[in-house]
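# Breakdown of the fold
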Amino acid sequence: MTIGVIGAGAWGTALAQVLAAAGAGVTLWAREAEVVERINQARENPLFLPGVTLSPAIRATGTLAALAGADALLVVCPAQHVRAVLGALPPLDCPLILCAKGIEAGTLLLMSEVAGALHPAAPLAVLSGPTFAHEVAAGKPTALTLACADAPTRAALIARFAGTPLRPYGSADVVGAEIGGAVKNVLAIACGVVSGAGLGENARAATIARGFAEMTRFGVARGGQAATLAGLSGLGDLVLTCSSTASRNFALGMGLGQGRPAAALLADRRTVAEGAHTAPVLQAAAAQVGVEMPMVQAVCALLDGAPVAGVVDALLSRPLKDEGV
C-alpha cells in the first residue's frame, strides 16, 4: 500500500515514520525545500522532528502532483491551508484521512466539509486524539480515534495501522471527532494561561472540566455525539494538551499568562499553535449555533491583548448557575 502524507511538520513526519516502519511506501509532501532535501539526503527532519532517524521508505517531495496514485492521503497541513492544498490536487477518489485540527475562517466549515466539497468522490476519515509527535515517532504506544462514516473504509484504514505504535478506535462520528480536536487547542491555551499566571492546579482542573462542558455543548449543536467528545478525540486530547508544555497551544498560553503579547509569542514560532487561529473562528461558529463558550471568549480576549487579571475576574463574576446548564 502506498500512502501520501500532506504536511511534513512534526505530526506529519511522525505519521510517515510509523506507517513506513509498518511496510507502507510513503510519499511525504513538504512546503519547505530544505525539509525535502534533509529528509531525502540525511534521513532526518531537524526543523520539525529533531533526533529521529527516518525510514528509507519515506520519500519527500515538494510537488503535490507526486502524491497522485497513492492508495490513501493523510492531510496533516495546518487547518487554514487545507482548502488551498486540496484545491491544488486533481479530483481524488482515494480515502482522505484528515489530521488537521481546526475550523475554516470565514466559512466556519469543518475540515471534512471543506474536503467533501473539493473532492466529493473521496471517502473521508478523521484521525484525532491525544498524540505528541515525538512520542509516536519514538514508538511509544498511542491510542486515538479514526472516524469514518463508511464502515468498510473505516475497517480497512484501521487495519493499515496494524504493526504501528498507534491503536485507532473506530467511530462513525466524523463531526464529533473533528470538534474535539479543534476545541481542545483553544482550551489548551486557556490552561497554559492558568499555569503561566500562577493561578494553581485547582484553577487548571476547573478550566479543563468547564472547557469540556463547552466542547460538548458546541459539538452536539454541530451534529456530533457526546460519547465521541468524551472519548480519545475529545476529552483524551484535551487532558493531554492541557497538561504539558510539549503542547504548542499550552506553551502559547503560558506566555500569555506571564504577560507577554500574543504577537511576539506567535512571531517566535516556526510551528503553528492552531488554537490561536481557531479561537476567533470557534467564537463565531458558537454564536452561529447559539452556544455559549465563555472559556473560548476569554482566550479570544487574551489574544487581543486583554490583561489576564481582568479576564479572570470577568469569568469569576459570571452569573451563578447549576453545573449541567
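Here the structure is shown first, and the text comes after it.
Notes on the structure in this doc start here. Please read all numbers here as calculations on a predicted model, not as lab measurements. (Residues numbered from 1 in each chain as written. Predicted model: local features only at pLDDT ≥ 70, side-chain atom pairs only at ≥ 80, totals over all residues. Heavy atoms only, no water.)

### Thoughts on the overall build of the chain
Regarding its fold elements, the chain presents 15 helices and eight strands. For 325 residues, the compact-globule estimate of 2.2 N^0.38 gives 20 Å, and the chain sits close to it at 19 Å. In terms of overall dimensions, the chain has a C-alpha envelope of 55 × 40 × 35 Å along the principal axes. Within the chain, the fraction of its 325 residues that count as buried is 54%. (Helix = DSSP H or I, 4+ residues; strand = E, 2+ residues; numbered from the N terminus. Rg over C-alpha atoms; globule rule 2.2 N^0.38 Å. Buried < 20%, exposed > 50% of the residue type's maximum accessible area, 1.4 Å probe, protein only.)

### Points about the pattern of salt bridges
All told, the structure shown has eight salt bridges when counted by the stated rule. Here Glu44 and Arg38 are joined by a salt bridge, their closest N and O atoms 1.9 Å apart. The exposure class assigned to Glu44 is partly exposed, which follows from its relative accessible area of 26%. The class for Arg38 is partly exposed, based on a relative accessible area of 37%. Through salt bridges with shared partners, a single network forms among Lys101, Lys184 and Asp237. (Salt bridge = Lys/Arg side-chain N within 4 Å of Asp/Glu carboxyl O.)

### A word on the pairing of strand β6 (residues 124–128)
Most of β6 is tucked away, with five of its five residues classed as buried. Judged by which residues are buried, β6 turns out to be covered on both faces: Leu124, Val126 and Ser128 on one side and Ala125 and Leu127 on the other are all buried. One crossover worth recording links strand β5 (residues 96–98) to the parallel β6 by way of helix α4 (residues 111–118), and it is right-handed. Here four bridges tie β6 to strand β7 (residues 142–148), and the two strands are oriented antiparallel to one another. Along β7, the bridge assignment pairs Val126 with Ala147. (Right-handed = clockwise from strand over helix to strand, strands pointing away. Pairing = 2+ DSSP bridges.)

### A few points about the side chain of Thr228
Residue placement: Thr228 occurs in helix α9 (residues 226–229). Accessibility expressed as a relative area gives 10% for Thr228, which makes it buried. When residues no more than four places from it in sequence are discounted, the contact partners of Thr228 are Ser171, Asp173, Gly176, Ala177, Ser233 and Gly234. (Contact = heavy atoms within 4.5 Å.)

### Concerning the nonpolar core
Judged by nonpolar contacts, the single largest core of 44 residues is most densely connected at Val183, Phe218, Leu256, Leu282, Met293 and Leu303. Broken down by secondary-structure element, the contributors of at least two residues to this core are α7 (174–196), α8 (201–221), α11 (248–257), α12 (262–267), α13 (274–288), α14 (294–303) and α15 (308–316). For this core, the element with the most residues is α7, which contributes 10 residues. When near neighbours in sequence (up to four residues on either side) are disregarded, Leu303 contacts Leu252, Leu256, Ala262, Ala276 and Ala279. Within the second largest apolar cluster, 40 residues are counted, among which are Leu15, Ala30, Cys99 and Leu127. (Core = buried A, V, L, I, M, F, W, Y, C linked by side-chain atoms within 4.5 Å.)

### A short note on the environment of Ala14
By the element assignment, Ala14 lies in helix α1 (residues 10–21). In this view, Ala14 contacts Leu49, Ala133, Val136 and Ala137; residues no more than four positions away in its chain are not counted.

### Here we look at the pairing of β7
Buried residues dominate β7, accounting for six of its seven residues. Looking at chain direction, β7 and strand β8 (residues 166–171) are connected through six bridges and run parallel. Its bridge partner lying in β8, Ala143 is registered against Arg167. In terms of handedness, the path from β7 via helix α6 (residues 151–160) over to β8 forms a crossover that is right-handed.

### Side note on the packing of α13 against α14
It is the contact of α13 with α14, at a shortest axis distance of 9 Å, that shows an interaxial angle of 125°. With respect to their mutual orientation, α13 and α14 come out oblique. Crossing hand, α13 versus α14: left-handed. On α14, the residues that touch Ala276, Ala279, Pro280, Leu282 and Gln283 of α13 are Val296, Gln297, Val299, Cys300 and Leu303. (Axes fitted to C-alpha atoms, helices over the stretch in contact; angles between N-to-C directions. Parallel < 35°, antiparallel > 145°, perpendicular 65-115°, else oblique. Left-handed = near helix turned anticlockwise from the far one by under 90°.)

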